[in-house]
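Spelled out, the chains give:
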Amino acid sequence: MTETVSTWEEKQKNYLAVSIVCFLIGTYFFMNVINGSYIIKQSDLQVYENLIISTSPKFKERKGKHGRKWIEFNCVNNQSTFEIASYDYSCVNNDEVINEIKEGDTISLSILKNEIGYFDTKGSCEIHSLIKNDKEYLNLDCRNKVDNNGGKRGFLILFAISILTAIVYSLSKKPKFFDEVNPEFLITIIVAILFFILVSLF
């Protein structure tokens, strides 16, 4: 059904709003990538040595809308539940950590200096280094690459949405083609294709 001019103009305003919001959020991701905000350097980490495992590492998974996977363990005389999660988990060899690190083993680990407050407190504490007998079980370079690439995909997809919605907004008259195919559907298809291309690239 053909829309009135006023209805199309109202929809154009929505496309403009989406374009602006996506551009702003995309710029935020872009600046984080440029500034290296997704990169963790060794100097960002606080090392804790001679910790003794009290509860062996276990694989955990939470399913559902906010599902995630991680590995957790505990140490003697420490209240924290240490977690290998997020981008570190993406790069870890689960079997190595679970099978090679046992109760009673002495380890060293590292957490972000700005998260020192989570160390030895009740709750979770995410780690970015785990060493036993001089063997490092976490790959910081891999973790940085995965996180930074996520930021790249984020700003590229958001900029793409911003450009596509801006193009729709710029159309003074609604194309007849849009009576047959919803522009939102077209944008979704294009963005989905772009997403899979970016995932295959990095």
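This text gives an overview of the structure that appears in the document.

1. Remarks on the pairing of strand β2 (residues 68-75)
Of all eight residues in β2, six are buried; the element is thus mostly enclosed. In the sheet, strand β1 (residues 45-62) pairs with β2 via seven bridges, with the strands oriented antiparallel. Looking at β2, one finds that Thr55 is bridged to Asn74. Adjacent in sequence and paired antiparallel, β1 and β2 are bridged by five residues, among which Gly64 carries a positive phi angle near 110°. Connecting β2 to the next strand, strand β3 (residues 80-84), in antiparallel fashion are four residues, including Asn77 with a positive phi near 55°.

2. Quick look at the pattern of salt bridges
Scanning the entire structure with this criterion turns up eight salt bridges. Here Lys13 and Glu10 are joined by a salt bridge, their closest N and O atoms 3.4 Å apart. One end of the pair is Lys13 and the other is Glu10, both in helix α1 (residues 5-34) and three residues apart, which spans about a single turn. Taking the relative accessible area as the measure of exposure, Glu10 reaches 45% and is therefore partly exposed. The shortest N-O distance in the salt bridge between Asp105 and Lys132 comes to 2.8 Å. Residue Asp105 is located in the loop between α3 (94-100) and β4 (106-112), and its partner Lys132 is located in strand β6 (residues 129-132); the two are separated by 27 residues in the primary sequence. Members of the salt-bridge network, linked through shared partners, are Asp88, Arg143 and Asp147.

Definitions and limits used
- Throughout this document, residue positions are counted from 1 along each chain, in the order its sequence is written.
- Note on the predicted model: pLDDT of at least 70 is required for a residue's local features to be given, and 80 or more for side-chain atom pairs to be given and counted; whole-chain, interface and lining totals, by contrast, use all residues.
- Excluded from the side-chain calculation are hydrogens and water; included are all heavy atoms of the structure.
- For the exposure calls, accessible area comes from a 1.4 Å probe over protein chains only, and a residue counts as buried if that area is under 20% of its type's maximum, exposed if over 50%, partly exposed in between.
- Strands are runs of DSSP state E lasting at least 2 residues, helices are runs of H or I lasting at least 4, and numbering of each runs from the N terminus.
- Two strands are counted as paired when DSSP detects at least two bridges linking them.
- Definition used for salt bridges: Asp or Glu carboxyl oxygen within 4 Å of a side-chain nitrogen of Lys or Arg.

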